[in-house]
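# Observations on chain architecture
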Amino acid sequence: MPSVWSILGLATAIKVLLVPAYKSTDFEVHRNWMAITYSLPTSKWYTESTSEWTLDYPPFFAWFEWALAQAASWADPAMLEVPRLNYASHATVAFQRGSVIVSEVALLAAAWWACRSLGRRAQSLALALVALHPGLIMVDHIHFQYNGILLGIFVASMAALRDGQHLLGAALFAVLLNFKHIFLYAAPVYFVFLLRHYCRGRSAPSRFLLLGCIVAAVFLLSLGPFVTRGQAGQLASRLFPFDRGLVHAYWAPNFWALYAAADKVLAAAVRRSGRWLPPTARMTGGLVGTAAFEVLPPVGSRATALVTLVAMAPCLLHTWRFPNPARFPQAALHCTLVSFFFGYHVHEKAILMVLVPGAVFVVHEAHPALANRFFFLTTLGTYSLFPLLYRPEEYSIKVLLLVLYTASAPQLLSWQLGTPSRLHTLPGAYLWGLVGVEAASSWILPYLPGSRLPFLPLALVSCYCAVGMGAALIWSSFPYISPPEPKRAPH
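Read on for a plain summary of the structure. All of these numbers come straight from a predicted model, not from anything done at the bench. (Residues numbered from 1 in each chain as written. Predicted model: local features only at pLDDT ≥ 70, side-chain atom pairs only at ≥ 80, totals over all residues. Heavy atoms only, no water.)

Bringing the side chain of serine 99 into the picture now. Mapped onto the elements, serine 99 comes out in helix α4 (residues 90–103). By relative accessible area, which is 8% here, serine 99 ends up buried. In this structure serine 99 touches Leu68 and Tyr146, once residues within four positions along its chain are discounted. (Helix = DSSP H or I, 4+ residues; strand = E, 2+ residues; numbered from the N terminus. Buried < 20%, exposed > 50% of the residue type's maximum accessible area, 1.4 Å probe, protein only. Contact = heavy atoms within 4.5 Å.)

In structure tokens form, the structure reads like this:
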């Protein structure tokens, strides 16, 4: 196993070399948020709308942007002026790219801490799988986001609960929700596990009260200043914009991508039969816009929440009956995957919430079945992010990142497992099918003359990956839906 410093050196070198690479509109989003939090009083953070990229993350993340802005003022003060829309000087690019690299230390530290009981070799392996994760590099260090610090808190929270540090785990998760509320995906299993495993016995009432006070204190510290100013409604409208529609502009590879594709196929079949349909179907195109279907019924946020909770139910019931701390991280990641697959207006980047923490806990649990599932999901989930980097300049980079990781990760894991990690025939064949999907979506369909379906390449990637995500979800559900093994009689 390579040394810790060689792993960190390689990962940092790759990320520094990517500083001049493509950056999405998220780069301007975070520059604008730094400008808002630096230039304006807190009372105006969630009302400022000079830019279309208004602040829509919870207050702890806003304070994180404020902290970044204090350092940014030394690099280039002009980036912190709200009216300077789409400002991207060389100093601004260097600072923002560098801040992503530095803030990712939180994730690396959490991975190291989560595997502390296994020794230096396992810690180095977890560090390598996280620091060199292709999905994280593509999204944070090319596309541009700050997932590292968020996933670090998530990993630390799950590891704390696994190790019996209930109050620390709950506090970290409450902090995480006030950094980015998308982690509500895992909230049901956190609630069930803490209620069942920590709040029990004669001291259950006092423990429940203590737990509630800690969580309430975190939320009060975060939301209190805005609620006391009468901004609760404005804050809620920013954090939960349900008018953005069922699916994102690029369909995340989940159930609703298949639903949207089915609607298009059915609409085409109806028109071919000679029946008239009004041209009302549209999917959200970025900022806001409600999804409308032509044949299938519309689906609202309440319906997706109900479907998600029903799909989570086996895991939640299993956690209630068998609240095993050692299995909590896998239960939390399973519920996160359920939310990704059935959630409302899911972004394709949200799959990192499963992939990156999964890299840490697959090392800690060292189980061949988990290793195979991690390899399958990481390959599939990372490939589903390919459309984010659409420029020819980044094409070879994303392909190389995925190929090198999928070639080396099984070998690295085999050192920890003591046995080679191999997929079964069907999952392996499915992953090889990604080669054909990539050939069709990148090299054939875009160059067909007179194509009337410009969205077809993206839809092909989304739908093919959605089928695999559904299979991975069923695979992940087996421990919660299969009958327990019978207890063996003592000899």
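We now examine the state of the cysteines. On inspection of all chains with the given rule, the structure shows 0 disulfides. Cysteine 465 carries a free sulfur, and the closest cysteine sulfur to it, the one in cysteine 463, is 9.5 Å from it. A residue is classified by how much of its surface remains accessible, and cysteine 465, at 0% relative accessible area, is buried. (Disulfide = S-S within 2.5 Å.)

Let's shift gears to the packing of helix α9 (residues 166–177) against helix α11 (residues 204–227). Contact geometry for α9 and α11: axes closest at 9 Å, N-to-C directions at 25 degrees. With respect to each other, α9 and α11 are oriented roughly parallel. Here α9 runs over α11; the crossing is right-handed. Here α9 contributes Leu167, Ala170, Ala171, Ala174, Val175 and Leu177 to the contact with α11, which in turn contributes Leu210, Leu211, Ile214, Val215, Val218 and Phe219. (Axes fitted to C-alpha atoms, helices over the stretch in contact; angles between N-to-C directions. Parallel < 35°, antiparallel > 145°, perpendicular 65-115°, else oblique. Left-handed = near helix turned anticlockwise from the far one by under 90°.)

A few words on the side chain of glutamine 145. Take glutamine 145: it is sitting in the loop between α7 (134–144) and α8 (147–162). Classification of glutamine 145 by relative accessible area gives buried; the value is 8%. The residues touching glutamine 145, leaving out its near neighbours within four places in the chain, are Asp26, His30, Val100, Val139, Asp140 and Lys349.

Overall, the coordinates contain 31 aromatic pairs when judged by the stated rule. Between phenylalanine 255 and phenylalanine 342 the ring centres are 5.6 Å apart and the planes differ by 45 degrees, which places this aromatic pair in the tilted class. In this pair, phenylalanine 255 sits in helix α13 (residues 255–272) while phenylalanine 342 sits in helix α15 (residues 328–342), placing the two residues 87 residues apart along the sequence. Overall, phenylalanine 255 belongs to the partly exposed group, its relative accessible area being 32%. A relative accessible area of 14% means that phenylalanine 342 is categorised as buried. Centre to centre, the rings of phenylalanine 376 and tyrosine 430 are 5.7 Å apart; their planes meet at 40 degrees, and the pair counts as tilted. Of this pair, phenylalanine 376 sits in helix α17 (residues 368–384) while tyrosine 430 is found in helix α19 (residues 425–444), placing the two residues 54 residues apart along the sequence. For the residue pair phenylalanine 376 and tyrosine 430, the accessibility class agrees, reading buried in each case. Each residue in the set Phe27, Trp33, Tyr57, Phe60, Phe61, Phe64, Phe144, Tyr146 and Phe179 is aromatic and connected to the rest through ring pairs, giving one cluster. (Phe/Tyr/Trp six-rings, centres within 6.5 Å; stacked < 30°, edge-to-face > 60°.)

Our focus in this paragraph is a nonpolar patch on the surface. A cluster of nonpolar side chains, Trp443, Ile444, Tyr447 and Leu448, forms an exposed patch at the surface whose accessible area comes to about 480 Å². Relative to the helices and strands, tryptophan 443 resides in helix α19. What makes tryptophan 443 exposed here is its relative accessible area of 52%. (Patch = residues over 30% accessible without salt bridge, like charges linked within 9 Å, V, L, I, M, F, W, Y side chains within 5 Å. Areas by Shrake-Rupley, 256 points an atom, 1.4 Å probe, with all protein chains shown as cover. Salt bridge = Lys/Arg side-chain N within 4 Å of Asp/Glu carboxyl O.)

Our next topic: empty space enclosed by the protein. To find the voids left in a structure, one rolls a probe of water-molecule size over its atoms. All told, the structure shown has 3 cavities of 30 Å³ or more when counted by the stated rule. Quantified by volume, the largest cavity comes out at close to 170 Å³. The element that contributes the greatest number of residues to the lining of the largest cavity is α17, accounting for 5 residues. Across the lining of the largest cavity, the residue classes tally to 8 nonpolar, 5 polar and 1 charged. (1 Å grid on protein atoms, 1.4 Å probe; cavity = no way out; pocket = protein on both sides within 12 Å on 5 of 7 lines; lining within 4 Å. Points joined across faces, edges and corners; volume = space filled by probe spheres on them. Nonpolar A, V, L, I, M, F, W, Y, C, P; charged D, E, K, R; others polar.)

What follows concerns the pattern of salt bridges. If you walk through the whole model with that rule in mind, you get 8 salt bridges. Residue lysine 349 pairs with glutamate 348 through a salt bridge whose shortest N-O separation is 3.3 Å. Comparing lysine 349 with glutamate 348, the two get one shared label, buried. Its salt-bridge partner being glutamate 394, residue arginine 391 comes within 2.9 Å of it at the nearest N-O pair. When its relative accessible area of 28% is taken as the criterion, arginine 391 is described as partly exposed. Connected via shared salt-bridge partners are Arg116, Arg162 and Asp163.

It is worth stressing that arrangement in space is one thing and function is another; only the former is reported here.
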